Amino acid sequence: MAEHIQGIAASDGVAIGKAFLLEQPELDIQKETVANAEDELENFQAAVANAGKELEAIRAKTLEQQGEENAEIFSAHLLVLEDPEMLGAVETKVKDEHITASYALHEVSSMYIDMFENMDNEYMRERAADIKDVSQRILMHLAGVENTSLTATDEEVIILSHDLTPSDTAQLDRQYTLGFVTNIGGRTSHSAIMARSLEIPAVVGTKDMTSRVQSGDLLIVDGGTGELVIDPDEATMDTYRERQREHEAKKEAQKKLVGEPSISADGQRVELAANIGTPNDMKGVLENGAEGIGLYRTEFLYMGRDSLPEEDEQFEAYRSVVEKMNGAPVVIRTLDIGGDKELPYLDLPEELNPFLGFRALRLCLENTEMFRTQLRALLRASNYGNLKIMFPMVATLEELRSAKALLQEEKSRLHEEGAAVGEAVEVGIMVEIPSTAVAATQFAKEVDFFSIGTNDLVQYTLAADRMSERVAHLYQPYHPAVLQLIKNVIDASHAEGKWTGMCGEMAGETTAIPLLLGLGLDEFSMSASSILPARSQLATLNVTVARELAERALTCGTADEVEKIVHEHV
Amino acid sequence: MEQKTFTITAETGLHARPATQLVNKAGQFSSEINIESRGKSVNLKSIMGVMSLGVGKGGEVIITADGNDEKEAMEAITNQIQEELGE
């Protein structure tokens with residue numbers, strides 16, 4: 001009997017296939033004795049060897065598909081797996097106490113996990129997670145339980161999981177993953193963003209899908225509408241196969257737009273740019289025909305490590321992106337840490353209200369040595385292409401002036417040292433705080449460009465935490481107040497002959513694009529996978545009609561009314 | 001048997017990636033290699049052993065190598081430590 005379920009649409013496309021439930025089985029490990037310790041030792045060694053082969057294979061695949069950084073996770077796992085102290089302790093226990101290898105391993109690994117989890121050091125706590133993963137892997141081999149690892153599948157499946165963590169996704173095999181479904185998450189959660197960048201159909205936030213479906217059940221996932229069908233009948237299958245074909249055809253048509261300009265039906269040019277986190281994202285950027293990078297989030301350079309990245313390391317990362325863009329604009333945002341993103345080694349104070357606290361530029365202006373290092377790396381990289389510098393979380397003109405003064409000082413210093421710096425590097429700010437959006441006229445005189453960060457601007461304007469499910473309904477990107485602020489920023493920049501971009505999720509949304517075009521936005525920066533759909537949508541729009549639409553939207557009373565008039569129009 | 005004393009000067013002590021690399025290096029030799037800190041000695045080929053020592057910045061460690069390739073081992077380990085971890 002077919003069952004229909006509604007989740008949150010996370011990544012467009014239709015997948016039809018067998019479900020594959022990804023979960024770690026709870027192994028019940030009891031203290032039991034063995035008659036022959038020698039045999040048990042052999043079992044243990046075989047299990048370790050098999051786990052090692054598995055890890056080697058995962059590591060090689062990850063290295064090939066995702067590069068060195070993600071592969072390192074599994075190098076660390078291998079090191080734990082081969083650890084002589086741990087293996088030795090397990091073997092001694094088996095020999096001396098005649099207990100099962102499972103129980104001995106459980107005892108030894110628990111001891112290490114406890115020890116590392118209680119250390120006051122982020123790196124060590126991560127190692128505790130490694131030990132857990134590795135001993136689970138050995139235990140499953142010992143128990144002869146089929147390992148439901150993502151990489152263990154060799155048929156095409158739809159993956160179902162409570163959530164997908166970054167380490168799960170590092171193992172995801174694009175070739176065998178038709179789609180995925182998670183119980184938790186929203187459109188902007190890690191798993192959803194990842195699905196869009198891999199172009200895998202996905203539905204998230206289904207609450208209890210993993211308990212409704214079993215591995216092997218036939219499933220349909222419509223990532224465009226958020227619909228799921230369990231055990232579909234033939235007629236339903238046909239409907240969705242048709243949708244699948246339509247989607248593929250649409251994608252094929254969009255592929256033809258890769259080298260084309262972004263232009264409306266009546267000839268208005270805009271720039272469609274991509275948001276990136278690391279130089280690894282450049283492949284998707286180039287394949288999807290981005291005309292620039294509208295947001296390079298530099299915080300990933302600072303995360304997952306124990307100390308600040310040095311100038312040369314940063315310089316290399318920035319330079320590689322700028323060079324790959326071959327003269328096209330690359331907007332690099334200076335460190336935006338704090339709020340929900342922490343850096344353990346900076347030892348920041350805990351705050352009651354971190355989103356309104358010590359973060360981003362506020363932190364950089366106090367920590368000037370760290371900030372100067374980044375500015376120097378940016379200035380040096382600017383010599384290799386069209387690099388633009390953007391400061392995040394600017395609330396006042398004083399902050400902007402202080403940041404610019406530091407930049408100027410480092411520029412002079414580099415000149416004295418004889419280092420090459422790009423000519424006329426544009427300096428802009430991210431507009432995400434209402435004060436800056438309201439006073440945009442004053443800011444416009446002192447910047448070269450604005451980029452509107454809607455994710456934060458919306459949450460600050462409506463005072464609605466975007467992480468809180470209870471107030472999610474108040475997080476309204478289409479609220480007329482937000483549109484008014486966007487208009488204010490764009491108009492202020494144009495009055496000074498400057499430009500405005502947008503680098504929040506909104507810039508790539510079908511509903512937002514006609515409004516933003518009508519408001520006069522110059523640059524739209526989005527996930528690389530949204531660029532071609534946006535370009536194809538743009539080609540159907542008329543800027544004069546879009547302007548009227550935007551004007552009407554500004555007079556609407558509610559976000560719902562705004563969305564309604566846009567949908568009537570497109 | 002070879003024996004040498006080092007002071008760890010790295011900000012992160014014997015915790016992070018450089019420690020991992022040191023363990024990898026030790027694993028390349030057949031000699032028995034140990035590291036001692038504050039009276040506790042562990043196998044330098046064991047990442048969990050090394051990290052459980054909890055050596056911080058400024059900590060002193062004694063490394064011993066015993067076996068066929070003890071000279072080469074000590075030399076390689078000395079280089080590795082001087083590069084990233086201390087003196």
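Our subject is the structure that appears above.
The shown structure was predicted, so the numbers you read here are calculated from the model rather than taken from an experiment.

S.K.: If you had to explain the overall build of chain A to someone new, which residues and values would you point to?
M.R.: Along chain A, the regular secondary structure elements total 23 helices and 16 strands. In terms of overall dimensions, chain A is globule-like: its C-alpha atoms have a radius of gyration of 26 Å, near the 25 Å expected for 570 residues. If one aligns the C-alpha atoms of chain A with their principal axes, the spans along those axes are about 85 × 70 × 45 Å. Burial analysis of chain A (570 residues in total) assigns 50% to the buried set.

S.K.: Explain the pattern of salt bridges to me, using residue names and the numbers behind them.
M.R.: Residues and elements named next belong to chain A. As enumerated under the stated definition, the model contains 34 salt bridges over all chains in all. Two residues, Glu-199 and Lys-251, come together in a salt bridge whose shortest N-O distance is 3.8 Å. On the criterion of sequence distance, the pair formed by Glu-199 in the loop between helix H7 (190-198) and strand S6 (202-204) and Lys-251 in helix H9 (residues 234-255) is long-range, its members being 52 residues apart. Three or more residues joined by partner-sharing salt bridges are found here, namely Glu-311, Asp-312, Arg-372, Arg-376, Arg-380, Glu-409, Glu-410, Arg-413 and Glu-417.

S.K.: Give me the packing of helix H1 (residues 17-26) of chain B against helix H3 (residues 70-84) of chain B: which residues, what numbers.
M.R.: Residue and element names in this part refer to chain B. Between H1 and H3, the shortest axis-to-axis distance is 10 Å and the interhelical angle comes to 170 degrees. In terms of orientation, H1 lies roughly antiparallel with respect to H3. Note on element contacts: H3 touches H1 through Ala-76, Ile-77, Gln-80, Ile-81 and Glu-84, opposite Pro-18, Gln-21, Leu-22, Lys-25 and Ala-26. For the contact of H1 with H3, a count of residues per class yields six nonpolar, two polar and two charged.

S.K.: Describe the sheet that holds strand S15 (residues 499-502) of chain A, naming the residues involved and giving the relevant values.
M.R.: Residues and elements named next belong to chain A. On the basis of which strands lie adjacent, the closed barrel formed by eight strands has the order S9-S10-S11-S12-S13-S14-S15-S16 and parallel pairing. Between one strand axis and the next, the sheet turns through 25 degrees on average, direction left out of account. Across four bridges, the pairing between strand S13 (residues 427-431) and strand S14 (residues 449-452) is parallel. Each bridged residue has a counterpart across the sheet, and for Val-431 the counterpart in S14 is Ile-452. Strand contacts of helix H19 (residues 480-495): S13, S14 and S15, with the helix running at about 150 degrees to S15, the strand carrying the most contacts. Its contacts with the sheet place helix H21 (residues 528-538) against strand S9 (271-276) and strand S16 (523-526), and it is angled at close to 165 degrees to S9.

S.K.: Before we move on, could you go through the environment of Ala-553 of chain A and cite the residues and values that matter?
M.R.: Residue and element names in this part refer to chain A. Take Ala-553: it is sitting in helix H22 (residues 543-555). Taking the relative accessible area as the measure of exposure, Ala-553 reaches 0% and is therefore buried. Separated by 70 residues in sequence, Ala-553 and Leu-483 have C-alpha atoms that sit 8.0 Å apart. Here Ala-553 is in contact with Pro-480, Leu-483, Leu-515, Val-562 and Ile-565, once residues within four sequence places are set aside.

S.K.: Before we move on, can you summarise the state of the cysteines with the specific residues and values?
M.R.: All told, the structure shown has zero disulfides over all chains when counted by the stated rule. In this structure Cys-503 of chain A is a free cysteine whose sulfur lies 16 Å from that of Cys-364 of chain A, the closest cysteine sulfur available.

S.K.: Tell me about the environment of Arg-245 of chain A, and please be specific about residues and values.
M.R.: If you trace the backbone, Arg-245 of chain A turns up in helix H9. For the pair Arg-245 of chain A and Leu-219 of chain A, spaced 26 residues apart in the sequence, the C-alpha separation amounts to 17 Å.

S.K.: Kindly report on H3 of chain B, identifying the contributing residues and their values.
M.R.: Taking 1.5 Å of rise per residue, 15 residues should cover 21 Å, and H3 of chain B covers 21 Å from first to last C-alpha, within 8% of that figure. Next to the buried residues of H3 of chain B lie strand S1 (2-7), H1, strand S2 (32-37) and strand S4 (60-66) of chain B.

S.K.: How would you summarise the nonpolar core if you had to cite specific residues and measurements?
M.R.: Soluble globular proteins tend to bury their nonpolar side chains together. Judged by nonpolar contacts, the single largest core of 94 residues is most densely connected at Ile-293, Tyr-318, Phe-391, Ile-429, Phe-450, Ile-486 and Phe-524 of chain A. Residue contacts for Ile-293 of chain A: discarding those within four places in its chain leaves Ala-273, Ala-274, Ile-276, Met-282, Val-285, Val-321, Met-325, Pro-329, Val-330, Val-331 and Glu-523 of chain A. Core analysis: the next-biggest nonpolar cluster, separate from the first, contains 61 residues, Met-86 and Tyr-112 of chain A together with Ala-26 and Leu-44 of chain B among them.

S.K.: Tell me about the interface of chain A and chain B, and please be specific about residues and values.
M.R.: Each partner contributes to the interface: chain A provides 18 residues, whereas chain B provides 16 residues. Taking both sides of the interface into account, the surface hidden between chain A and chain B amounts to around 1,500 Å²; carbon and sulfur atoms contribute 69%. Linking chain A with chain B are zero salt bridges, by the criterion used here. The interface formed by chain A and chain B holds four residue pairs in polar contact (both at pLDDT 80 or more) in total. Those elements giving two or more residues to the side of chain A that touches chain B turn out to be helix H2 (68-81), helix H3 (84-97), helix H4 (101-117) and helix H5 (122-143) of chain A.

S.K.: I'd love a proper account of the packing of aromatic side chains, names of residues and values included.
M.R.: Residue and element names in this part refer to chain A. As enumerated under the stated definition, the model contains five aromatic pairs over all chains in all. In this arrangement the basic side chain of Arg-243 is found over the ring face of Tyr-240, its NZ or CZ atom lying 4.8 Å from the centre. The side chain of Arg-380 reaches across the aromatic face of Phe-315, ending 4.2 Å from its centre.

S.K.: Explain the sheet that holds strand S2 (residues 8-11) of chain A residue by residue, including any values.
M.R.: Residue and element names in this part refer to chain A. Reading across from one edge, S1-S8-S7-S3-S4-S5-S6-S2 is the order of the eight strands in this open sheet, with mixed pairing throughout. Of all strands in the sheet, those with a lone pairing partner are strand S1 (3-6) and S2, marking the two edges. Mean inter-strand twist for the sheet, computed between neighbouring axes without regard to direction, equals 30 degrees. Direction of pairing for S2 relative to S6: antiparallel, over a ladder of three bridges. Opposite Ile-8, over in S6, you have Val-204 as the bridge partner. Its contacts with the sheet put H9 on S1, strand S3 (14-21), strand S7 (218-222) and strand S8 (227-230), and the angle it makes with S3 is roughly 115 degrees.

Conventions and cut-offs
- Residues numbered from 1 in each chain as written.
- Chains lettered and ligands numbered in written order.
- Predicted model: local features only at pLDDT ≥ 70, side-chain atom pairs only at ≥ 80, totals over all residues.
- Heavy atoms only, no water.
- Helix = DSSP H or I, 4+ residues; strand = E, 2+ residues; numbered from the N terminus.
- Rg over C-alpha atoms; globule rule 2.2 N^0.38 Å.
- Buried < 20%, exposed > 50% of the residue type's maximum accessible area, 1.4 Å probe, protein only.
- Salt bridge = Lys/Arg side-chain N within 4 Å of Asp/Glu carboxyl O.
- Axes fitted to C-alpha atoms, helices over the stretch in contact; angles between N-to-C directions.
- Parallel < 35°, antiparallel > 145°, perpendicular 65-115°, else oblique.
- Contact = heavy atoms within 4.5 Å.
- Nonpolar A, V, L, I, M, F, W, Y, C, P; charged D, E, K, R; others polar.
- Pairing = 2+ DSSP bridges.
- Disulfide = S-S within 2.5 Å.
- Expected span 1.5 Å × (residues − 1).
- Core = buried A, V, L, I, M, F, W, Y, C linked by side-chain atoms within 4.5 Å.
- Buried area = accessible area lost by both parts, 1.4 Å probe.
- Polar contact = N/O pair within 3.5 Å; in protein donor to acceptor, adjacent residues only side chain to side chain.
- Phe/Tyr/Trp six-rings, centres within 6.5 Å; stacked < 30°, edge-to-face > 60°.
- Lys NZ or Arg CZ within 6 Å of the ring centre and 35° of its normal.

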